[in-house]
Amino acid sequence: MLQRARVAASLETIFVNTPILAIVGAPVALVVALRYGVPRHAWIMFGAMVLATGLGTTLGFHRLLAHRSFATFRPVEWMFTILGCMAGQHSPLYWVANHRRHHRHSDRDGDPHSPYVWAGRRLRLLPGLWHAYFGWLHANGFGYPASAVADLLRRPDLAWIDRHWFQFYLAGVFLPGAVGWSVGGTGYDALIGFLWGGALRHFAGLQGAFAVNSIGHLWGSRPYDTPDQSRNSFVLGLFALGDGWHNNHHAFPSSARHGFHWWQPDPTWGLIWLMERVGLAWRVRRPDPFRIRAAARAAGLTATGRDPSSTARCADGIATWRAGPIRPSILGEPSHG
Ligand SMILES: [Zn+2]
Ligand SMILES: [Zn+2]
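As a starting point, this report considers the structure included with it. (Residues numbered from 1 in each chain as written. Chains lettered and ligands numbered in written order. Predicted model: local features only at pLDDT ≥ 70, side-chain atom pairs only at ≥ 80, totals over all residues.)

Moving on: the nonpolar core. With 58 residues, the main nonpolar core has Val-96, Trp-196, Ala-199 and Leu-200 as its most contacted residues. For this core, the secondary-structure elements that each account for two or more residues are α2 (20-36), α3 (40-66), α4 (74-86), α5 (92-104), α8 (156-163), α9 (165-184), α10 (187-214) and α13 (267-277). Among the elements that take part in this core, α10 stands out by supplying twelve residues, more than any other. Structurally, this core is a two-domain feature, drawing no fewer than three residues from each of domain 1 (6-218) and domain 2 (222-277 + 289-315). (Core = buried A, V, L, I, M, F, W, Y, C linked by C-beta atoms within 7 Å. Buried ≥ 20, exposed ≤ 12 C-beta atoms within 10 Å, placed from the backbone. Helix = DSSP H or I, 4+ residues; strand = E, 2+ residues; numbered from the N terminus. Domains from an automatic or database assignment.)

A few words now on the packing of α3 against α9. Interhelical geometry of α3 versus α9 gives an angle of 150° and a closest axis separation of 10 Å. In terms of axis orientation, α3 runs roughly antiparallel to α9. The interaxial crossing formed by α3 with α9 has right-handed handedness. Contacts from His-41, Ala-42, Met-45, Met-49 and Thr-53 in α3 reach Gly-172, Pro-176, Val-179, Gly-180, Val-183 and Gly-184 in α9. Each residue belonging to the contact of α3 with α9 can be placed in one class, and the counts come to six nonpolar, five polar and no charged. (Axes fitted to C-alpha atoms, helices over the stretch in contact; angles between N-to-C directions. Parallel < 35°, antiparallel > 145°, perpendicular 65-115°, else oblique. Left-handed = near helix turned anticlockwise from the far one by under 90°. Contact = placed C-beta atoms within 7 Å. Nonpolar A, V, L, I, M, F, W, Y, C, P; charged D, E, K, R; others polar.)

Structurally, the position occupied by Thr-226 is in the loop between α10 and α11 (234-239). Since 26 C-beta atoms lie within 10 Å of it, Thr-226 is described here as buried.

Between two packed helices, both the angle of their axes relative to each other and the distance between the axes serve to describe the pair. Following both chains from N to C, one finds α3 and α13 inclined at 70°, their axes separated by 10 Å at the closest point. Comparing their axes, α13 and α3 come out roughly perpendicular. The two elements α3 and α13 cross, and the hand of that crossing is right-handed. When α3 is examined against α13, the residues Leu-55, Thr-58, Leu-59 and Arg-63 are found in contact with a partner set consisting of Thr-268, Leu-271 and Ile-272. For the contact of α3 with α13, the class distribution of residues is four nonpolar, two polar and one charged.

Let us look at α3. Taking 1.5 Å per residue, 27 residues should reach 39 Å; α3 reaches 36 Å between its end C-alpha atoms and fits that length. Of all the bends found along α3, the most pronounced is centred on Gly-60 and spans about 25°. Just downstream of α3, Arg-68 is the residue with a positive phi angle, here 50°. (Expected span 1.5 Å × (residues − 1). Bend = angle between axes of the 7 residues up to and from the residue.)

Rendered as structure tokens:
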């Protein structure tokens, strides 16, 4: 078990498990804005930081580190991993270990944030919703088995970022204040920059992640008959930068693409696709369209009761890798899934 140092762990308890800066700072940001107004730089920093730290989580922590659904150059990995640290959802290795545990035990005992079960007890709707949305942050300790992230622990560069993740989080909170100060030149510009680009942005970003964990397993469509209760949702799909196509993701967890159709917007996939086009991403994993159709057909047959034997248990439907040759990296070996 990897345990974080006591001081670091207590700081993290204050700022992350009970995201005090987000919970206190978000209403203060709104009250101050109503009273004194929001300069344009604060709006811009809010939007830019929501997007940047959101992609740090969905593209960096989730699709790159947790699922290794594509490979990229190390500086690009560092950038998205640091942006993920700034999102304030704990350290990259803890996040990845926790998320891999979620996939291994989805909606069964052992899942850290299932709305259906916790510690051997079945949860009713509202307690389950609360546990999966926020309560789970207090139900789990900081320890995680090293074996869950053995591939990442072999990387000293990622381990270094992991050790310093909290400093990156604080930098992400205070940077918008510094930008406000440099643009507007007054103490109020610094304060409103910090409140909107730091605290309120942290609060908003957390809602996307919490909603996927909870609502993404409660309400929405299930085109694939996965062994869990994951759901697809258009609103969550958009709001969580594509991670809300959660049934698709549980059916094809290694796929870099979560929105499988043009009507399933997936901004994170849009960026990975663009990175691949310009040579910044390779070994991009996509689900085979045939497997997508076959899994959906099998799920439909099961739902109508015509062919219960054909239940599609899509542990991972990635059948083909439409991957180009592995590019030699001038700055280090490319990552392997
Ligand atoms: Zn899930
Ligand atoms: Zn995942």
